[in-house]
Amino acid sequence: MQAFTTIESIVVPLDRANVDTDQIIPKQFLKSIHRQGFGPNLFDEWRYLDQGYPGQDSSKRPINPKFVLNQPHYKNAQILMTGRNFGCGSSREHAPWALLDHGFRVILSPSFADIFFNNCFKNGILPIAMPEPLIHQWFEYASKDLLKLHVDLQNQTITDQAHGEVHTFEIEPFRKHCLLEGLDDIALTLKEATTIEKFEEKHKQRFPWLFSASSSVDNTAL
């Protein structure tokens, strides 16, 4: 997992509440268990004018010019801002996979669905819940001009230099540590590889019969 330090980016304003995971990545794209390749189908039903399906060349599809992701000035943006209760619906982890594959590392919202919120941290995305009046203010800024924010995870600050504002945000210390170090669940386990190996060796010494060839079940006798 890529470590997170600071992000400075134009903000993509998706002013919609209760965006569910099927809207983030529709169900027909859930057949793959690989984490890459979902970006072109992020918000597929809003982003394109035709029906999307797996394996399709999205670069040749007719786009919806009114949808925010299709506006040229938001290309390569790493911060997404949305309405409340973002990520509701089913618990599919493909939703943060699609967001990350598109390039988003930060999501700003007044509130998140719990499972989606947890899945973001496991995939290197920083979801930040900020007060709803502030989110509305940022949407107002974004409606008049491009909004650029600087997110500093170490100091837990969001800076809007254009308007002279610095805001702080909360994050659980362990989650902060994992993002800063780029540690997902597998990487956390591998940090204890030496301890695990020592335990396995002691276990073999105490219970050698569990590891001997003779302890295997003779299926021919069944």
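The following paragraphs examine the structure supplied in this document.

How each quantity is defined
- Along every chain, residues carry numbers that run from 1 in the direction the sequence is written.
- Where local features are concerned, this predicted model is filtered to residues with pLDDT of at least 70; where side-chain atom pairs are given and counted, the filter is 80 or more; whole-chain, interface and lining totals use all residues.
- In computing side-chain values, all of the structure's heavy atoms are included and hydrogens and water are not.
- The helix count covers DSSP runs of H or I at least four residues long, the strand count covers runs of E at least two residues long, and both are numbered beginning at the N terminus.
- We call a residue buried when its accessible area falls under 20% of the maximum for its residue type, exposed when it is over 50%, and partly exposed in between, using a 1.4 Å probe and counting protein chains only.
- Whether two residues are in contact is decided by their heavy atoms, any of which lying within 4.5 Å being enough.
- A pair is scored as a salt bridge if a Lys or Arg side-chain nitrogen falls within 4 Å of a carboxyl oxygen belonging to Asp or Glu.
- Cysteine sulfurs are considered disulfide-paired once they come within 2.5 Å of each other.
- Between rings of Phe, Tyr and Trp, where Trp is taken as its six-membered ring, a pair exists when centres lie within 6.5 Å; planes separated by under 30 degrees are stacked, by over 60 edge-to-face, and by other angles tilted.
- Strands pair, by our definition, only if DSSP identifies at least two bridges between them.

1. Structural notes on the overall build of the protein
Then, in step 1: Of the regular secondary structure elements, the protein holds 8 helices and 7 strands.
Then, in step 2: With respect to the three principal axes, the spread of C-alpha positions in the protein is 75 × 45 × 25 Å.
Then, in step 3: A total of 222 residues make up the protein; the buried ones form 43% of that total.
Then, in step 4: Intrachain contacts of the protein at a sequence separation of at least 6 include 65% that bridge at least 24 residues.

2. Some details on the pattern of salt bridges
Then, in step 1: As enumerated under the stated definition, the model contains 6 salt bridges in all.
Then, in step 2: Residue Asp50 is joined to Arg61 by a salt bridge in which the shortest nitrogen-to-oxygen separation is 2.9 Å. Here the residue Asp50 occupies a position in the loop between helix 2 (44-47) and strand 2 (79-82), and Arg61 occupies one in the loop between helix 2 and strand 2, the gap between them amounting to 11 residues.
Then, in step 3: Residues Lys144 and Glu140 are paired through a salt bridge, measuring 3.5 Å at the closest nitrogen-oxygen approach. With Lys144 and Glu140 both in helix 5 (residues 132-144), this residue pair falls 4 residues apart, about one helical turn.
Then, in step 4: Take Lys144: its relative accessible area is 66%, and that puts it in the exposed class.
Then, in step 5: Connected through shared salt-bridge partners, Asp44, Asp50 and Arg61 make up one network.

3. Examining the state of the cysteines
What we call a disulfide is simply a covalent bond connecting the sulfur atoms of a pair of cysteines.
Then, in step 1: Under the defined criterion, the tally for this structure stands at 0 disulfides.
Then, in step 2: Just so you know, Cys88 is unpaired, no disulfide at all, and the nearest cysteine sulfur is the one on Cys120, 13 Å from it.
Then, in step 3: Since its relative accessible area comes to 0%, Cys120 is described here as buried.

4. Thoughts on the packing of aromatic side chains
Then, in step 1: Enumeration according to the criterion identifies 9 aromatic pairs in this entry.
Then, in step 2: Consider the rings of Trp46 and Phe67, whose centres lie 6.1 Å apart with planes at 55°: the pair is tilted. Here the residue Trp46 occupies a position in helix 2, and Phe67 occupies one in the loop between helix 2 and strand 2, the gap between them amounting to 21 residues.
Then, in step 3: The structure contains a cluster of three or more aromatic residues connected by ring pairs, namely Phe86, Phe112, Phe116, Phe117 and Phe121.

5. Examining the environment of Arg16
Then, in step 1: Locating Arg16 in the fold gives a position in the loop between strand 1 (6-14) and helix 1 (21-24).
Then, in step 2: If we skip the residues at most four places from it in the chain, Arg16 touches Trp46, Phe67, Thr82 and Gly83.

6. Re the pairing of strand 5 (residues 148-152)
Then, in step 1: Alignment of strand 1 against strand 5, held across 5 bridges, turns out to be antiparallel. Bridged to Thr6 within strand 5 is Asp152.
Then, in step 2: Where strand 5 meets strand 6 (residues 157-160), 3 bridges bridge the pair, whose relative direction is antiparallel. Bridge assignment links Val151 to a residue of strand 6, and that residue is Ile158.

7. Focus on helix 3 (residues 94-102)
Then, in step 1: Listed as buried for helix 3 are His94, Ala95, Pro96, Trp97, Ala98 and Leu99.
Then, in step 2: Looking one or two residues past helix 3, Gly103 carries a phi angle of roughly 125°, positive in sign.

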